[in-house]
Amino acid sequence: MKRVLFTILLLLPLVGFGQEANYDESKVPEFTLPDLLTLNNGQKVKNAKQWMELRRPEILEIFTTEMFGGRPEKPEGLHFKQIGQDEEVYGGLGIRRRIQVCLDNEEKHTFEVLIHFPKNHKRPCPIFIGLNFKDKNDETIALESGRRWPYELILNEGFAVATATRNSIEPDVRPEESKGDGVRAWYEQMYPGKYVWSAISAWSWGISRIADYVETAKELDASRMIVIGHSRLGKTALWTGANDLRFAMVVSNNSGCCGAAITRRAFGENFGIIGRSFPHWFVPNFYKYNDSNFPVDQNGLAALTAPRPLYIASASQDLWADPKGEWLCAKSVQSVYDLFGKKGLESSECIKPGERDDSGAVGYKIRIGEHNVYPEDWIAYMKFAKRNLKIK
Ligand code: GCU
């Protein structure tokens, strides 16, 4: 019985409470992507400076007010406590550290971060930072290793990796199920009505607090922080990189609708479905839109990473996230990367499952298989990071 209920719950987003997802390529509507380089006043962006100073803030503002909401500054009482350290994990390959991020002086609002870094590092380590799907922030995150968090592999390549559970920052629950124990409720108490922000914004804000810690840790290289996320946390990774320029690279793994998938294709999950299934991921303005009238498309979100390296990855069976739409997103940030003289994708149409197109500053790949993150995905991200961030 429990199992049946669980399956129904899992399938609910797929049926979108009655709104169908399209999986038929012939039903993808004709569309033109809004031009990333046309300012709201109709003028054209001609160079990198105009992008950074004029157009980028406009697009950031659109995603802030119309999709995910704003993010508060870092809290005044922010401080960090080391609450544990294993000097040798994975046969002496790495060090595992547990950090408590204390958001206030009284330490009433905290979350825990698990960091692995190579034991024999010669200089500060480049670091991947991403949230995980575990419910409790304990040693079991480490045990998730092997698949989503292949620590040995990562450490062997000389990278550090930090993670925290999303629920310890902001619970991933609909408003009616909220117990008011996330950072959004806390900010609402402190500054009533000041912040309108979604859980995705809150998670991204939490990731920025982990970056604040990295800036204080001598073993870690704060100039080479890479934000990574899978699925809803891939949407979060894109949004984090958009807001926090300290991140030197962004990895979106199977982020799909409202992540890297082009909305106007209306393939797989769409605005109607996602908005109904996950109301806490969006601000109220989001509900003004359908698949064809958002002021920019998701290539606008992805382009906020420019000129920093950006990796967008799909999986062949993950039609819900629309691999072809994710490829199109990676392809169509090119006009922005061009302003910086940065190379994007080589392919002129979506590559085949199992292939990669990642020799530039924008990478795309489509793994054969299902919606997930695997060691082979990490291998591609680390290779891409090494080349683009000049890591020896
Ligand atoms: C659901 C949701 C997606 C999301 C995914 C996930 O399938 O519809 O938008 O990316 O969950 O986070 O696993």
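Here's a quick rundown of the structure.

Calculation notes
Residues numbered from 1 in each chain as written. Predicted model: local features only at pLDDT ≥ 70, side-chain atom pairs only at ≥ 80, totals over all residues. Heavy atoms only, no water. Buried < 20%, exposed > 50% of the residue type's maximum accessible area, 1.4 Å probe, protein only. Helix = DSSP H or I, 4+ residues; strand = E, 2+ residues; numbered from the N terminus. Expected span 1.5 Å × (residues − 1). Contact = heavy atoms within 4.5 Å.

Okay, unusual backbone geometry next. P307 follows A306 through a cis peptide bond whose omega is 0°. For E107, which is not glycine, the phi dihedral falls at a positive 60°. We classify E107 as partly exposed; its relative accessible area is 30%.

Along its 12 residues, helix α7 (residues 232–243) runs 17 Å from first to last C-alpha, staying within 8% of the 16 Å computed at 1.5 Å per residue. Within α7, 10 of the 12 residues are buried, which leaves the element mostly enclosed by the surrounding structure. Listing the buried residues of α7 in full gives L233, G234, K235, T236, A237, L238, W239, T240, G241 and A242.

Let's shift gears to the environment of F340. Counting through the fold element by element, F340 comes out in the loop between α11 (334–339) and β9 (356–357). The residues touching F340, leaving out its near neighbours within four places in the chain, are A48, W51, M52, A306 and P307.

This next bit is on helix α12 (residues 375–388). Taking 1.5 Å per residue, 14 residues should reach 20 Å; α12 reaches 20 Å between its end C-alpha atoms and fits that length. Within α12, burial applies to D377, W378, A380, Y381, M382, F384, A385 and N388. A positive phi of about 50° marks K390, the residue just after α12.

Keep in mind these values describe shape, not function.
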